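# Architecture and fold: a report
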Amino acid sequence: MAYETLQVRTEAGQVGIVTLHRPKQLNALNDQLMDELGAALKAFDADDAIGCIVVTGSEKAFAAGADISAMAKYEFADVYGRDFISRNWEAIRSIRKPVIAAVSGFALGGGCELAMMCDFIIAAENAKFGQPEIKIGIIPGAGGTQRLPRAVGKSKAMDMVLTSRMMDAQEAERAGLVSRVVPLDKLMEETLGAALAICQMPRLAAMAAKESVNRAFEGALSDGVQFERRLFHAMFATADQKEGMDAFLAKRTPAFGHR
Ligand code: HXC
């Protein structure tokens, strides 16, 4: 299948590699990209030759978030009525083979959430993680308010979600958000090393181990994500969502009316 927003290849015939590729938009995640990502991951999951999947971006950005230019005009009816996010992002959770996120540069908003939906994160030294949605009048909507506190604890998660502060790679490793930090020029080599190590393991055990760790991690996560999704949708009924996104696109400071 040909993709417009992804580059897809295999390594050593065993590792499926998906590179997010909307360079001009810092890999902002629009519906087309998320549709294609779901299709690419499912294709690798169904391919018996593949034992592990890697999702990565560019040096500058893993992904700078959901596409603000696409979201800016959405109303509550658009997001709730069409189940924005759930309709294509949740495909990632159905992948049964291990998925590693190899993150360099910005992983913000939906980009951070996408990385956290993978099974573990290997970060380059220049990686920056953040949930800055509040600055544009919304909240995280793809599990950020649920997975981030589970990964880094309540205090750091609240700090990031409420102040929009970014976390660098070293802090992310200390906090447990990422499994390892490596030099930027070694990111793919290290990630492929981990992926190939997984490919050498018995496939069914790897799938079972993933399923079991996720069970420990998730608990009532789906309830939390569903709750978050409805609040996220509700943000599109506020004037500050329009103002925040319009201001971003016009490159001006937002004037929030708190309504
Ligand atoms: C659409 C985006 C974008 C985004 C960047 N761009 N992020 N377009 N959606 N999320 C575009 C810019 O508009 C710009 O386009 C180009 O990418 C390069 O970005 P710059 O801002 O010029 O780069 P830089 O100065 O290096 O700043 C990088 C940055 C900044 C700090 C990452 O781009 C930024 O703050 N982006 C927004 C981050 C954000 O708020 N993410 C959360 C989104 S909401 P032009 O055309 O001007 O060259 C979200 C909701 C999740 O993710 C809910 C569920 C998934």
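Our structure's up above, just so we're on the same page.
Since this is a predicted model, take the numbers as computed values, not measurements.

Basis of the calculations
Each residue is numbered by its place in its chain's sequence as written, counting from 1. Given that the model is predicted, a residue must reach a pLDDT of at least 70 before its local features are reported, and side-chain atom pairs must reach 80 or more before they are shown or counted; all residues, however, enter totals for whole chains, interfaces and linings. Think of the side-chain values as coming from all heavy atoms in the structure, minus any hydrogens and water. Where helices and strands are cited, they refer to DSSP runs of H or I of at least four residues and of E of at least two residues respectively, numbered from the N terminus. To sort residues, take the accessible area from a 1.4 Å probe on protein chains only and compare it with the maximum for the residue type: under 20% means buried, over 50% means exposed, and anything in between is partly exposed. Residues enter patches when their relative accessible area tops 30% and they take part in no salt bridge; the joining distance is 9 Å for like charges and 5 Å for the nonpolar side chains Val, Leu, Ile, Met, Phe, Trp and Tyr. All accessible-area figures derive from a Shrake-Rupley calculation using a 1.4 Å probe, and residue coverage is judged against the displayed protein chains alone. Salt bridge criterion: a side-chain nitrogen from Lys or Arg within 4 Å of a carboxyl oxygen from Asp or Glu. The charged-residue count follows a simple rule in which Lys and Arg add positive charge and Asp and Glu add negative charge, with His and chain termini not counted at all. For the purpose of locating charges, the reference atoms are NZ of Lys, CZ of Arg, CG of Asp and CD of Glu. Only when DSSP finds a minimum of two bridges between them are two strands counted as paired. Should any heavy atoms of two residues lie within 4.5 Å, those residues are considered in contact. Axis definition: a line fitted to C-alpha atoms, over the contacting stretch in the case of helices. Angles run 0 to 180 degrees between N-to-C directions.

In this section: unusual backbone geometry. Positive phi outside glycine occurs at L26, with the angle close to 50 degrees. Residue position: L26 is located in the loop between β2 (15–20) and α1 (31–46). The backbone of S164 sits at a positive phi, close to 75 degrees, despite the residue not being glycine. With respect to the helices and strands, the residue S164 is situated in the loop between α7 (154–163) and β9 (167–168). Judged by relative accessible area, which is 14%, S164 ranks as buried.

A cluster of acidic residues, E59, E125, D185 and E189, forms a negative patch at the surface. Checked against the element boundaries, D185 lands in the loop between β10 (180–182) and α9 (187–200).

Turning next to the sheet that holds strand β8 (residues 128–130). In spatial order, the strands read β4-β6-β8-β9; together these four strands make up an open sheet with mixed pairing. Single-partner strands in this sheet number two, and they are β4 (61–63) and β9. Pairing between β4 and strand β6 (residues 106–108): two bridges, direction parallel. Paired with A61 across the two strands is F106, which belongs to β6. Sitting on the sheet, helix α5 (residues 110–117) touches β4, β6 and β8, and the angle it makes with β6 is about 90 degrees.

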